[in-house]
Amino acid sequence: MHLIAAAVTTLALLPPAPLPAPPEVSRALGKPHDGRLAGGVPFPEQGPAFYTWDWGLKRSPNRVWRRYGTAKTVATTLTVLEEFRAAHPEAPRVGVADLSRPHGGPFGRRFGGLGHASHQNGLDVDIAYPRRDRREKPPIRPDQVDRRLAQDLVDRFVRAGARHVFVGLNVRLKGPRKVVVRLPNHDDHLHVRFRP
Ligand SMILES: [Zn+2]
């Protein structure tokens, strides 16, 4: 009897337990061309496998507000780049350029460089092709692209489940139709779009 009474008294004195905060889950909202990003996470500034590149300022590293994605976009990209590094220890580090803004939304010309019509909901990542001269900056001309390494990057993103890998018209990169798609303005980088 005394034990039960003590237990009841103790319980009554305890402050109500605070409700745990719901975990912030990354969500890609809307479409890549008209969307937002909830619970986005920043892509790291640099690592052994990659540097980041700022299209607006034309320098490395990229500003942090230009490199937010869903947790899955960031994790999958990191895994691909680490595996690429392990397979090609002699290769230069890979350049990761823009993802999305911290809460997604428009990422057009007013943010610098050519801007992006897409990159609005945390699913898009720009990756500079590796250069034959191994410099850590995007190539300017297609003949500066190390096509063997660039093709391997394309293949790895396809295998990682990308919905699309957009590549340039003049870099002669290939892959499954409907996934690897040739577009203007992609002779210096490939653009990976993940599935929501
Ligand atoms: Zn892009």
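Because the structure is a prediction, the values reported are computed rather than measured.

Chemist: Give a description of the overall build of the protein that names residues and reports values.
Modeler: Check the secondary structure of the protein and you find three helices and eleven strands. Secondary structure elements of the protein occur, N-terminal to C-terminal, as α-β-β-β-β-β-β-α-β-β-α-β-β-β. In the protein, which comprises 196 residues, the share counted as buried stands at 46%. Here the protein has roughly 11000 Å² of accessible surface; of this, 59% comes from carbon and sulfur atoms.

Chemist: Go over the coordination of the zinc ion with me, naming the residues and quoting the values.
Modeler: Here the zinc ion is held by the protein donor atoms His119 (NE2), Asp126 (OD) and His191 (ND1), which lie 2.0 to 2.2 Å from it. Taken in sequence order, the residues that donate to the zinc ion follow the motif H-x6-D-x64-H. Overall, the relative accessible area of 1% leaves aspartate 126 in the buried class.

Chemist: Now, about the sheet that holds strand β4 (residues 46-47): what can you tell me, with residues and values included?
Modeler: The strand order β4-β5-β7-β8-β11-β9-β10 describes an open sheet built from seven strands, whose pairing is mixed. The open sheet has two free edges, formed respectively by β4 and β10 (180-182), since each of these has just one partner strand. Sheet topology note: the strand β9 (residues 164-167)/strand β11 (residues 189-193) ladder contains three bridges and is antiparallel. Considered in β11, the bridge of valine 165 is made with valine 192. Helix-sheet contacts for helix α3 (residues 147-159) involve β7 (94-96), β8 (124-128), β9, β10 and β11, and the interaxial angle to β11 is about 5°.

Chemist: I'd like a rundown of unusual backbone geometry, residues and numbers included.
Modeler: Each neighbour pair has its own omega, and for serine 60 with proline 61 the value is 0°, a cis peptide bond. Within the secondary structure, proline 61 is located in the loop between β5 (50-52) and β6 (68-69). Phi is positive for lysine 58, which is not a glycine, with a value near 55°. Turning to its location among the elements, lysine 58 is positioned in the loop between β5 and β6.

Chemist: Outline the pairing of β9, supporting the account with residue identities and numerical values.
Modeler: Side-chain alternation along β9 places His164 and Phe166 on one buried face and Val165 and Val167 on a second face that is also buried. Of the pairings in the sheet, the one linking β9 to β10 comprises three bridges and is parallel in character. By the bridge assignment, valine 167 is partnered in β10 with arginine 182.

Chemist: Requested: an account of the side chain of threonine 77, with residues and values cited.
Modeler: On the secondary structure map, threonine 77 appears in helix α2 (residues 71-87). For threonine 77, a relative accessible area of 0% translates into the label buried. Setting aside anything within four residues of it in sequence, one finds threonine 77 in contact with Phe43, Val125, Ile127, Phe157 and Phe194.

Chemist: Hey, could you go over the packing of aromatic side chains for me, with residue numbers and the actual values?
Modeler: How two aromatic rings sit relative to each other is set out by the distance from centre to centre and by the angle between their planes. By the definition in use, this model includes five aromatic pairs. With a centroid separation of 5.1 Å and an interplanar angle of 65°, the aromatic rings of phenylalanine 43 and phenylalanine 50 are classed as edge-to-face. When sorted by exposure, phenylalanine 43 lands in the same class as phenylalanine 50, which is buried. Taking 5.7 Å as the distance between ring centres and 85° as the angle between the ring planes, the aromatic pair formed by phenylalanine 107 and phenylalanine 111 counts as edge-to-face. By relative accessible area, phenylalanine 111 is classed as buried at 15%. Cluster of aromatic residues (ring-pair linked, three or more members): Trp65, Phe107 and Phe111.

Chemist: Summarise the environment of arginine 66; cite the residues concerned and give the values.
Modeler: Along the chain, arginine 66 falls in the loop between β5 and β6. A relative accessible area of 1% places arginine 66 in the buried class. For the pair arginine 66 and phenylalanine 107, spaced 41 residues apart in sequence, the C-alpha to C-alpha distance is 8.8 Å. Those residues in contact with arginine 66 that sit more than four places away from it in its chain are Asp54, Trp55, Gly56, Asp98, Leu99, Ser100, Phe107, Phe111 and Gly112. Of note is the side chain of arginine 66, whose polar atom sits 2.8 Å from the side chain of aspartate 98.

Chemist: Summarise the nonpolar core; cite the residues concerned and give the values.
Modeler: In terms of nonpolar packing, the biggest core is built from 30 residues, with Leu81, Ile127, Phe157 and Leu190 touching the most fellow members. Mapped onto this core, the elements with two or more residues apiece are α2, β7, β8, α3, β9 and β11. Not counting residues within four places of it along the chain, the set of residues in contact with isoleucine 127 comprises Thr77, Val94, Gly95, Val96, Leu153, Phe157, His189, Leu190 and Val192. Listed in part, the five residues of the second largest apolar core include Tyr51, Trp53, Trp55 and Ala128.

Rules used in this analysis
- Residues numbered from 1 in each chain as written.
- Predicted model: local features only at pLDDT ≥ 70, side-chain atom pairs only at ≥ 80, totals over all residues.
- Heavy atoms only, no water.
- Helix = DSSP H or I, 4+ residues; strand = E, 2+ residues; numbered from the N terminus.
- Buried < 20%, exposed > 50% of the residue type's maximum accessible area, 1.4 Å probe, protein only.
- Areas by Shrake-Rupley, 256 points an atom, 1.4 Å probe, with all protein chains shown as cover.
- Donors = N, O, S within 2.8 Å, 3.2 Å for Na, K, Ca; no water.
- Pairing = 2+ DSSP bridges.
- Contact = heavy atoms within 4.5 Å.
- Axes fitted to C-alpha atoms, helices over the stretch in contact; angles between N-to-C directions.
- Phe/Tyr/Trp six-rings, centres within 6.5 Å; stacked < 30°, edge-to-face > 60°.
- Polar contact = N/O pair within 3.5 Å; in protein donor to acceptor, adjacent residues only side chain to side chain.
- Core = buried A, V, L, I, M, F, W, Y, C linked by side-chain atoms within 4.5 Å.

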